[in-house]
Amino acid sequence: MSSRGSYVVFSGSQNFRLRLILATLSGKAIKIEKIRSNELNPGLKDHEVSFLRLLESVTNGSAIEISYTGTTVIYRPGIIVGGSVTHNCPKGKPVGYFVEPMLYLAPFSKKKFSIIFRGCTASSEDAGIEAIKWGLMPVMEKFGVRECALHTLKRGSPPLGGGEVHLIVDSLIAQPLTMHELDRPTISSIRGVSYSTRVSPSMVNRMIDAAKKVLKKVGCEVNISADVWRGENSGKSPGWGITLVAETKKGWSFFSEQIGGAGDVPEDIGTLAAYHLLEEVSKSAAVGRNQLPLALVYMVIGKEDIGRLRITREQIDERLVGLLRDIKLVFGTEVFLRPVDHDNTDDFIATIKGIGFTNTSKKIA
Amino acid sequence: LNGQINRRRKWDIGKLIYMDNISPSDCLKRWRGEEDDDESDMELEQEEDEQFFQKKDEKNTASQDYEGDLEKFVPYFDTIEKLVQKWSNIDAIKDRFIGAPDFGA
């Protein structure tokens, strides 16, 4: 192993977690340069360092070097070992920020993943608990990761948090199943959860009513449950939010989520979440935009076989381009997009040849 | 004008995605056929000299922070006003849902 010149080099702070995950899965060393080098507050942020620590604790033999200014990181991945870990999430980023990337690694580990995350459980830009449970885990199930769960032990709304969730992934598989999804699945029901911590339960019901009002015209079954948290387990701050999931018979699901902040009206939040769900459904074929990275990465590390996934024209956005470029840099795999021509939609079939990744961590053990 | 249209149609998204010299937002613009160099710039021409660079910078950083970064989990949505207007009628996605038949309510 030559020490220099053998890195895959990235630049900038975007896709930070994804790049580290791809490196871990591929076993290739990466170097990320110019992390916020032009900003007043350069270098890694607290939550990114915390994520690196988490990565270190679920792998064995990883080496992380951070430059003095924090603007360059060199990461040499070890093998994924998993195990029982407790992670305290720093302020500013909720547990979802840390749980989400773990889903990419957990099925390919040596031991089962059982991680307790402490901190905030909601924020307006990261994955919420229900979004992971009902939005991302169904995607994993489609790829053969059947036994995974996220238990909410305590909820903790921002800013003070005080929540606790337990991520358990019991299925250890050699590689994800090859995906063939050429249709747009039909939605059979809409489910949802409206939760609150340390505020009046009436907020929860007001959100439900507002969301139902919007979703009534869709014509399918709408079932939103109330989840009111009181006392010790409801964290340190008052807060409330709603997650809506459109479920299909085939097992795919689309979701939207929304949390309430100071000065927000519950009706507005419920309505907004409902409209976001409609918009997301209109923009998705088999997976929503926020599930797409997980699905594509699973396809890339699949068997040496062609996987196919239907995506819409709207899903080809900056995020996807960035994702595909990063995948190519690390794995050398390109995605082939073929327009769907047998119906009058603008959809594409994303065709990916798996790299024939096998769960080496498991085999060696 | 014809020439322009032809030139635009030529872009194949599968290739554009992997052209590393083009930023993600630019390659999408080319693919969708909405390149920067048309009308909007013409109007701006007068005030361009002083403000152009500033504006462009702002636009670039904003879109990079928001659109292209997977660090942000929640995707981009239009404002609520636009969404309400768009979905006042859900015929466009009606066929995606299985539900009870509409009894003319």
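Residues numbered from 1 in each chain as written. Chains lettered and ligands numbered in written order. Predicted model: local features only at pLDDT ≥ 70, side-chain atom pairs only at ≥ 80, totals over all residues. Heavy atoms only, no water.

Asks: What should I look at first to understand the overall build of chain B in this one?
Replies: When helices and strands are tallied, chain B shows five helices and zero strands. Taken over 105 residues, chain B has a buried fraction of 26%. For chain B, the exposed surface amounts to about 7700 Å²; the carbon and sulfur share of it is 49%. (Helix = DSSP H or I, 4+ residues; strand = E, 2+ residues; numbered from the N terminus. Buried < 20%, exposed > 50% of the residue type's maximum accessible area, 1.4 Å probe, protein only. Areas by Shrake-Rupley, 256 points an atom, 1.4 Å probe, with all protein chains shown as cover.)

Asks: Can you help me understand the interface of chain B and chain A in this one?
Replies: As a measure of interface size, the accessible area lost when the parts come together is often cited. The interface is formed by 41 residues belonging to chain B together with 55 residues belonging to chain A. When the buried surface of chain B facing chain A is broken down by residue, Y18(B), F73(B) and R96(B) rank first, second and third, together holding 21% of it. For K72(B), the salt bridge is made with E125(A), and the minimal N-O distance between the two is 3.2 Å. In this assembly, chain B and chain A are joined by 26 residue pairs in polar contact (both at pLDDT 80 or more). Of all the secondary-structure elements, those providing two or more residues to the side of chain B that touches chain A are α2 (13–16), α3 (24–32) and α5 (80–86) of chain B. With six residues, the single largest contributor to the side of chain B that touches chain A is α3(B). (Contact = heavy atoms within 4.5 Å. Buried area = accessible area lost by both parts, 1.4 Å probe. Salt bridge = Lys/Arg side-chain N within 4 Å of Asp/Glu carboxyl O. Polar contact = N/O pair within 3.5 Å; in protein donor to acceptor, adjacent residues only side chain to side chain.)

Asks: Looking at this model, I keep getting lost on the UniProt feature "domain: RNA 3'-terminal phosphate cyclase" (unreviewed entry) in chain A. Mind explaining?
Replies: Here the UniProt feature "domain: RNA 3'-terminal phosphate cyclase" (unreviewed entry) sits at residues 10–335 of chain A. Taken end to end, residues 10–335 of chain A has its terminal C-alpha atoms 20 Å apart, with 32% of it in helix and 28% in strand. (UniProt positions renumbered as here; feature names shortened; annotations may be inferred.)

Asks: What's the story with unusual backbone geometry in this structure? I'm lost.
Replies: Backbone geometry follows two general trends: most residues other than glycine have a negative phi, and most peptide bonds adopt the trans configuration. Residue and element names in this part refer to chain A. A cis geometry characterises the amide bond from P158 onward to P159, with omega recorded as 5°. Among the secondary structure elements, P159 is positioned in the loop between β9 (148–154) and β10 (163–169). Even without glycine at this site, N15 takes up a positive phi of about 55°. On the secondary structure map, N15 appears in the loop between β1 (8–11) and α1 (16–26). A positive phi angle, near 50°, is found at K34, a position not held by glycine. Structurally, K34 can be placed in the loop between β2 (30–33) and α2 (46–58). With a relative accessible area of 52%, K34 lands in the exposed category.

Asks: Please clarify how helix α4 (residues 129–142) of chain A should be interpreted in this entry.
Replies: Each full turn of the α-helix corresponds to 3.6 residues, which orients residues three or four apart in the same direction. Residue and element names in this part refer to chain A. If you check α4, its first and last C-alpha atoms are 19 Å apart, about what 14 residues at 1.5 Å a residue would give, namely 20 Å. Residue L136 marks the point of greatest curvature in α4, where the axis turns by about 30°; the proline P138 follows within four residues. Counting buried residues along α4, eleven of its 14 residues qualify, which places the element largely inside the surrounding structure. Of the positions making up α4, those classed as buried are I129, E130, A131, I132, W134, G135, L136, M137, P138, V139 and M140. At the C-terminal side of α4, G144 shows a positive phi close to 100°. (Expected span 1.5 Å × (residues − 1). Bend = angle between axes of the 7 residues up to and from the residue.)

Asks: Just checking my understanding: could you explain the side chain of E48(A) for this structure?
Replies: On the secondary structure map, E48(A) appears in helix α2. On the basis of relative accessible area, E48(A) is assigned to the buried category, the value being 1%. Apart from residues no more than four positions distant in its own chain, E48(A) is found in contact with F16(A), R36(A), Y97(A) and E71(B).

Asks: Where do I start with the nonpolar core in this structure?
Replies: It is characteristic of soluble globular proteins that their nonpolar side chains tend to be buried jointly. Residue and element names in this part refer to chain A. Grouped together as the largest cluster of nonpolar side chains are 98 residues, with contacts concentrated most on L25, F51, M102, F117 and L309. Composition of this core by domain shows at least three residues from each of domain 1 (187–282) and domain 2 (288–353). Leaving out residues up to four positions away in the same chain, F117 has contacts with L54, H87, C89, V95, F98, V99, M102, G163, E164, V165 and L167. By size, the runner-up hydrophobic cluster in this structure holds 29 residues, among which are V204, V218, W240 and F254. (Core = buried A, V, L, I, M, F, W, Y, C linked by side-chain atoms within 4.5 Å. Domains from an automatic or database assignment.)

Asks: What am I meant to see in the pairing of strand β18 (residues 348–353) of chain A here?
Replies: The side chains of a regular strand alternate between both faces of the sheet. Residues and elements named next belong to chain A. Counting buried positions along β18 gives five out of six residues, so the element sits mostly inside the fold. Direction of pairing for strand β17 (residues 336–339) relative to β18: antiparallel, over a ladder of four bridges. Bridging from a neighbouring strand, P339 pairs with F348 of β18. (Pairing = 2+ DSSP bridges.)

Asks: Just checking my understanding: could you explain the UniProt feature "domain: RNA 3'-terminal phosphate cyclase insert" (unreviewed entry) in chain A for this structure?
Replies: Here, the residues flagged by UniProt with the feature "domain: RNA 3'-terminal phosphate cyclase insert" (unreviewed entry) are residues 182–281 of chain A. The distance from the first to the last C-alpha atom of residues 182–281 of chain A is 16 Å, and the span holds 30% helix and 38% strand.

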